[in-house]
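Summary of the model geometry
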Amino acid sequence: MARTTWWELEVARLAASARLLEGDDCVVRGEIARNPDSHLSRAGFLSPEALPEILAQVGPLVFPCPACRVAVEIGEHAPGESIRCPACASNFAVPAPEDWTPAPRREATDRHGLLGTIADGIRFDRILFENEFTTVYRAWQVAADRPVAAKCLDAGAVDAEALERLRQEVRLAIDLRHPNLVPILGLVSPRGLSVLVMDYVDGVAVEAILDAGNPMAPARAIAIARPVASALAHLHARGIVHRDVKPGNVFLARGGAVRLGDLDLLERFERLPSSPEWLLGTPQYMSPEILLGAPPSPASDVYALGATLYHLLSGLPPYDGEAPVQVATDVLRAPPRPLGALCPHLPPSIARLVDQLLARRPEARPASGGPLESLLEEADSRLLVQSGA
């Protein structure tokens, strides 16, 4: 087991002081009832062995950035230490422990039963995200002594054919190395499940910034889009499409790096037939031709990054229907509301660029990530000139 850090002990003390270890409806008490030998049942003593169980229930320690109010994980930083907000890049001092707050415990079922276990060299510490098809854990790779993200696919969503395709995609992704990609490290099968092991990004998804009601200044939005375009250029030059570029898959690391994740949908685009079965992705960021059954292409990735940039600049996705079918219908019916109308103070050149990326015909967009990266570099340079920097 990895070393116990002082802040983990503070988490345990905070959990106890917040009465998270007491009460009839306490998750931890329920765990003790199911497992009397649990370390948590040692009254009056919180041992290092108990901490993974406590952390899995309590969640990470967070503190709102004073500048942008996005919740930032404190990690192993000491009180008074300067920490960089991955969302807005401002620095602030880590507060004293009495001001810390355990993040609200997610209502997650751990339906795979992996929390607190070690399987195939991976220790599953807590749930980061869960939906109908997948559960993403913050985990620990024991041999390498480092944090990783572990994405467990629901058994019902992976038949024999899908599993073989997943293995092919993992083999494809493992060979990719680029500073702006979140690499896949491997595929493991604890208890017969399919679990993708990926680098853990210590930071936030761009989606969290937008959820906090923070549309971005043009310079900041372009600074995020440029590295994503660079990652796409790397993929496209190797004949690979991403298929799910969106704010939830763009991560801002604490050190300032921008990284594109969720590489498990990668595919070589010459293998993709025209078929509705390839409708994989998120409708708000899917191009019209994809919704009509055309195979994904570099131009469809360009459209998705354009839709993401639209969202960054306006605070709204290009199409915002409640149901996926409604969103798809809206995408096919008409172009989105002009970005210049939503953001009247946006430089016209930026609005025109986004319009170009969201062109309804693929041939009217930049052909791939390489030309797109060049266009974003030019836009960034114009913004610098206009700002007088």
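So, here is what we can say about the structure in this document. (Residues numbered from 1 in each chain as written. Predicted model: local features only at pLDDT ≥ 70, side-chain atom pairs only at ≥ 80, totals over all residues. Heavy atoms only, no water.)

**Some remarks on the pairing of strand 7 (residues 122–130)**
How we decide: One bridge is not enough; two strands pair if DSSP finds at least two bridges between them. Segments assigned H or I by DSSP are reported as helices when at least four residues long, segments assigned E as strands when at least two residues long, and all are numbered from the N terminus.
Direction of pairing for strand 6 (residues 118–119) relative to strand 7: antiparallel, over a ladder of 2 bridges. Across the sheet, residue I118 finds its bridge partner in strand 7, namely R123. Where strand 6 folds back on strand 7, the antiparallel hairpin that results is connected by 2 residues, among which D120 adopts a positive phi of roughly 50°. Across 7 bridges, the pairing between strand 7 and strand 8 (residues 134–141) is antiparallel. Counterpart to R123 in the pairing with strand 8 is W140.

**With respect to the sheet that holds strand 12 (residues 203–205)**
Note the following rule: Here an angle of 0 to 180 degrees is reported between the N-to-C directions of two axes, which are lines fitted to C-alpha atoms, with helices fitted over the stretch in contact.
Taking strand neighbours across the sheet as the criterion, the 3 strands line up as 12-14-15 in an open arrangement whose pairing is antiparallel. Looking at which strands have only one partner, the edges of the open sheet turn out to be strand 12 and strand 15 (258–260). Averaged over all adjacent pairs, the angle separating strand axes in this sheet is 25°, with direction ignored. Of the strand pairs in this sheet, strand 12 and strand 14 (residues 250–253) are connected by 3 bridges, and their pairing is antiparallel. Its bridge partner lying in strand 14, G203 is registered against A253.

**What about the side chain of R365?**
Our working definition: The cut-offs for exposure are 20% and 50% of the maximum accessible area for each residue type, with area from a 1.4 Å probe on protein chains only; residues under the lower value are buried, those over the upper are exposed, and the others partly exposed. Distance and chemistry together define a polar contact, namely a pair of N or O atoms within 3.5 Å, with one atom able to donate a hydrogen and the other to accept it when in protein, and with adjacent residues in sequence counting only for side-chain atoms on both sides. Any two residues having at least one pair of non-hydrogen atoms within 4.5 Å are treated as being in contact.
With respect to the helices, strands and loops of the structure, R365 is situated in the loop between helix 11 (348–357) and helix 12 (369–387). Looking at R365, the relative accessible area reads 5%, which means it is buried. Reaching out from R365, the side chain makes a polar contact with the side chain of E289 at a distance of 2.8 Å. Here the side chain of R365 touches R360 through a polar contact of 3.4 Å, landing on its backbone oxygen. When residues no more than four places from it in sequence are discounted, the contact partners of R365 are S287, P288, E289, A299, S300, V302, Y303, Q356, L357, A359 and R360.

**With respect to unusual backbone geometry**
For D120, which is not glycine, the phi torsion reads 50° and is therefore positive. Counting through the fold element by element, D120 comes out in the loop between strand 6 and strand 7. Look at R243: it is not a glycine, yet its phi comes out positive at around 85°. One can find R243 in the loop between strand 13 (240–241) and strand 14. Taking relative accessible area as the criterion, R243 reaches 8% and is therefore assigned buried.

**A look at helix 9 (residues 324–333)**
Under the convention used in this document: Within this analysis, the arc is defined by the directions that extend from the helix axis to the C-beta atoms.
Every buried residue of helix 9 is listed here: V327, A328 and V331. In a view along the axis of helix 9, the buried residues occupy a sector of 100°, so they form one face of it. The exposed residues of helix 9 that point more than 90 degrees off its buried face are V325 and R333. In this structure, the buried residues of helix 9 make contact with helix 7 (288–291) and helix 8 (298–314).

**Some details on the nonpolar core**
So the rule is basically this: Side-chain atoms within 4.5 Å are what join buried Ala, Val, Leu, Ile, Met, Phe, Trp, Tyr and Cys residues into a set we call a nonpolar core.
Within the largest apolar cluster, 74 residues are counted, with the highest numbers of intra-cluster contacts made by V206, I224, L305, L309, L312, L313 and L376. For L376, the residues in contact, after removing those within four places along its chain, are I222, A225, R226, A229, L309 and L353. Formed by 14 residues, the second largest nonpolar core is a distinct cluster that contains I122, F124, I127 and L193.

**Considering the packing of aromatic side chains**
As a reminder of what qualifies: Working definition: a ring pair exists when centres of Phe, Tyr or Trp rings (six-membered ring for Trp) sit within 6.5 Å. Plane angles under 30 degrees give stacked, over 60 give edge-to-face, the rest tilted. Remark: a charge is flagged as sitting over a ring if the NZ atom of Lys or the CZ atom of Arg is within 6 Å of the ring centre and within 35 degrees of the ring normal.
Under the definition given, this model contains 1 aromatic pair. An angle of 80° between the planes, with centres 5.2 Å apart, marks the rings of F124 and Y137 as edge-to-face. One end of the pair, F124, is in strand 7; the other, Y137, is in strand 8, with 13 residues separating them in the sequence. Exposure remark for F124: the relative accessible area of 0% places this residue in the buried category. Positioned above the aromatic ring of Y200, the side-chain terminus of R138 is 5.0 Å from the ring centre.

**Things to note about the sheet that holds strand 9 (residues 146–153)**
Read across the open sheet, the 6 strands follow the order 6-7-8-9-11-10; overall the sheet is antiparallel. Looking at which strands have only one partner, the edges of the open sheet turn out to be strand 6 and strand 10 (184–188). Bridge count for strand 10 against strand 11 (residues 194–199) is 4 bridges, and the pairing is antiparallel. Note that in strand 11 the partner of L187 across the bridge is L196. Running over the sheet, helix 4 (residues 160–174) touches strand 9, strand 10 and strand 11 and is turned about 150° from strand 10.

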